[in-house]
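Below are the chains, spelled out letter by letter.
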There are 2 protein chains.
Amino acid sequence: MLELYHAEPVANSMKVLLYLKEKGLDFTSRYVDLLSFEQHEDWFVAINPNGQVPVLVHDGAVITESSIIDEYLEDVFPDPPLRPADLVARARMRIIVKFIDEYALPALSVIGWHRMLRRIASSIDADEFDRLMARVPLKEQEMKWRTIAGESFSEDVLADSFRKLGVAAGKLDGWLANGPWLAGDTYSLADINAYTLAASLPGLVPAEAGRDAAPRLAEWLERMDARPGVKAALAMPNKVPESLRTFSPSMQRARQSEATG
Amino acid sequence: MLELYHAEPVANSMKVLLYLKEKGLDFTSRYVDLLSFEQHEDWFVAINPNGQVPVLVHDGAVITESSIIDEYLEDVFPDPPLRPADLVARARMRIIVKFIDEYALPALSVIGWHRMLRRIASSIDADEFDRLMARVPLKEQEMKWRTIAGESFSEDVLADSFRKLGVAAGKLDGWLANGPWLAGDTYSLADINAYTLAASLPGLVPAEAGRDAAPRLAEWLERMDARPGVKAALAMPNKVPESLRTFSPSMQRARQSEATG
């Protein structure tokens, strides 16, 4: 019995939705509404003390951290494999996942908080905001909310985040020189992980991630978009208003095809 | 044929040395002298374009990133296992490794750069420093060198780093409620990873990591110190002058036993 607590198919929630849909595993979907701060409510913090999605519950065992949930699912349900059989390629897969998680997604997150969540923070009155902040379990998360509710990130931090996304686009394009998928010959957790970042890159850093600068990345994004597992994940519920969906990969792709078509 | 490019048995180099010595695997040691910036020389950047240690070369295949090197070695040499057989415990092991790598070690690194590497930066004349900086492959590393060569990290950043180390001490002590080792019943990659952090904690954040506040952590450190694999790793070459060894775990332990004995 698999249960997934998740938000819309974006960012960390998307990593696990992409996995489950790719693999065709049955699961009970538990939508957690981040825009109404449901992830900090007592009932959810009782499940994940960090107050973050996604969370997998498998026969009563609670697993957190999206990239580790995917490795766990792969340990439990190894067929068909989403990790390369070749162990050097498997290490390469993990290096890519680590790079995306530690270097690129935090940079994307800064821009997401600045562009989207800031509008949410500013729509909440001060007393309600303080009440909501008192419930945030992770100090780091509370600090980010307070930063965007104030003067937001500095120009330096924003510029450095865009720089990092440009570096990430170049890295992805370089890795794709080794084969059609990021870890080489076979579709893997590296592709799943990278898609949650890469679908937004052409719109955010076109000079580095557009088709001219990163042709292999552009072709890989098309291969990703065409996968039934990706389409199924993107079709999952999304309660975020259209006007706030800066980072919805599906929209991003649609925008790009409008621009080029 | 295993070759390891590494520095002294501290931080990321230590993670792989602890693994290899625990497992009793033969390897050729290639010492890279970080204090003379050997990691940025052409011959080394040709092996790892990021200019960072450790790097494993296994039958010609180059593997980087210490935590991933250990997972790779475990994939290749699974016996005796250093990952729990129980898959939920294995996921817990990976969550701990991820927390150490993403949350705690960067905080420890800030303090290490501030206390130790700053003294190195200030001992180099300006022209030579610029020449060395021009060779640093990673922009982020160059920025850290330039920060500590200037006014160093702000008081806020340093205070927040100490706060995070206190949080990490509490987490480690909490996880050890589940058994003698971090992932439960068996010694694993989580213990190896955490030791590179935790051996320094009682000295840096005694209020949170001392025996009174974190008794399980104190006992676990004693169990770690007693392991032959840990002793063998700590006995590896170390060219860092005694006066600069702020973070040598062996010294840390020695200092503590002096203080308590």
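In the block above lies the structure referred to throughout.
Residues numbered from 1 in each chain as written. Chains lettered and ligands numbered in written order. Predicted model: local features only at pLDDT ≥ 70, side-chain atom pairs only at ≥ 80, totals over all residues. Heavy atoms only, no water.

Undergrad: Before we go on, may I ask you to explain the sheet that holds strand 4 (residues 61-64) of chain A in this structure?
TA: Hydrogen bonds along the backbone pair up the strands of a sheet, which may run parallel or antiparallel. Residues and elements named next belong to chain A. If you walk across this open sheet you meet the 4 strands as 2-1-3-4, and the pairing is mixed. Edge positions in the sheet fall to strand 2 (28-31) and strand 4, since each has one partner strand and no second. Each strand axis lies, on average, 20° off the axis of its neighbour in the sheet, ignoring direction. Bridge count for strand 1 (residues 2-6) against strand 3 (residues 55-58) is 4 bridges, and the pairing is antiparallel. Counted as the bridge partner of L4 is L56 from strand 3. Set on the sheet, helix 3 (residues 66-76) makes contact with strand 1, strand 3 and strand 4; between it and strand 3 the angle comes to about 25°. (Pairing = 2+ DSSP bridges. Helix = DSSP H or I, 4+ residues; strand = E, 2+ residues; numbered from the N terminus. Axes fitted to C-alpha atoms, helices over the stretch in contact; angles between N-to-C directions. Contact = heavy atoms within 4.5 Å.)

Undergrad: Even after reading the chapter, I still don't get the relation of the copies chain A and chain B, so can you show me in this structure?
TA: Relating the two copies of this chain is a rotation about some axis coupled with a shift parallel to it. Least-squares fitting of chain A to chain B yields an RMSD of 0.0 Å, with the superposition described by an axial translation of 0.0 Å and a rotation of 180°. Each copy turns onto its partner about a two-fold axis. Considering only C-alpha atoms, the part of chain A nearest the rotation axis is E102(A), at 3.4 Å. Most of the interface of chain A is mirrored in chain B: 100% of its interface residues are interface residues there too. (Least-squares fit on C-alpha atoms with pLDDT ≥ 70 in both.)

Undergrad: Where do I start with the sheet that holds strand 2 (residues 28-31) of chain B in this structure?
TA: All names here are of chain B. Taken in spatial order, the 4 strands line up as 2-1-3-4 in an open sheet, and their pairing is mixed. Each end of this open sheet is capped by a strand with a single partner; those strands are strand 2 and strand 4 (61-64). Neighbour-to-neighbour, the strand axes of the sheet open up by a mean angle of 20°, direction not taken into account. Seen against the sheet, helix 3 (residues 66-76) touches strand 1 (2-6), strand 3 (55-58) and strand 4 and runs at an angle of roughly 25° to strand 3.

Undergrad: Any chance you could explain the packing of helix 7 (residues 155-175) of chain A against helix 6 (residues 139-149) of chain B here in plain terms?
TA: Helices that pack against each other are described as a pair by the angle of their axes relative to one another and the distance between those axes. Two elements in contact, helix 7 of chain A and helix 6 of chain B, have axes separated by 12 Å at closest approach and are oriented at 145°. On the side of helix 7 of chain A, the interface is formed by D160(A), R163(A) and K164(A), while helix 6 of chain B contributes K139(B), E140(B) and M143(B). A per-class count over the contact of helix 7 of chain A with helix 6 of chain B returns 1 nonpolar, no polar and 5 charged. (Nonpolar A, V, L, I, M, F, W, Y, C, P; charged D, E, K, R; others polar.)

Undergrad: Explain the pattern of salt bridges here, please?
TA: Side chains that differ in sign of charge can pair as their charged atoms come close. Using the criterion set out here, one finds 38 salt bridges over all chains in the structure. Note that D101(A) and K15(A) form a salt bridge whose closest N and O atoms lie 2.8 Å from each other. Here D101(A), found in helix 4 (residues 87-122), pairs with K15(A), found in helix 1 (residues 11-23); they are 86 residues apart in sequence, far enough to count as distant. Across the pair, K15(A) and D101(A) agree in class, each one buried. Linking R94(A) and E71(A) is a salt bridge whose minimum nitrogen-to-oxygen distance equals 2.7 Å. In this pair, R94(A) is assigned in helix 4 and E71(A) in helix 3, connecting sequence segments 23 residues apart. This pair shows no difference in class: R94(A) is buried, exactly as E71(A) is. Connected through shared salt-bridge partners, E71(A), D75(A), R83(A), R94(A), E71(B), D75(B), R83(B) and R94(B) make up one network. (Salt bridge = Lys/Arg side-chain N within 4 Å of Asp/Glu carboxyl O. Buried < 20%, exposed > 50% of the residue type's maximum accessible area, 1.4 Å probe, protein only.)

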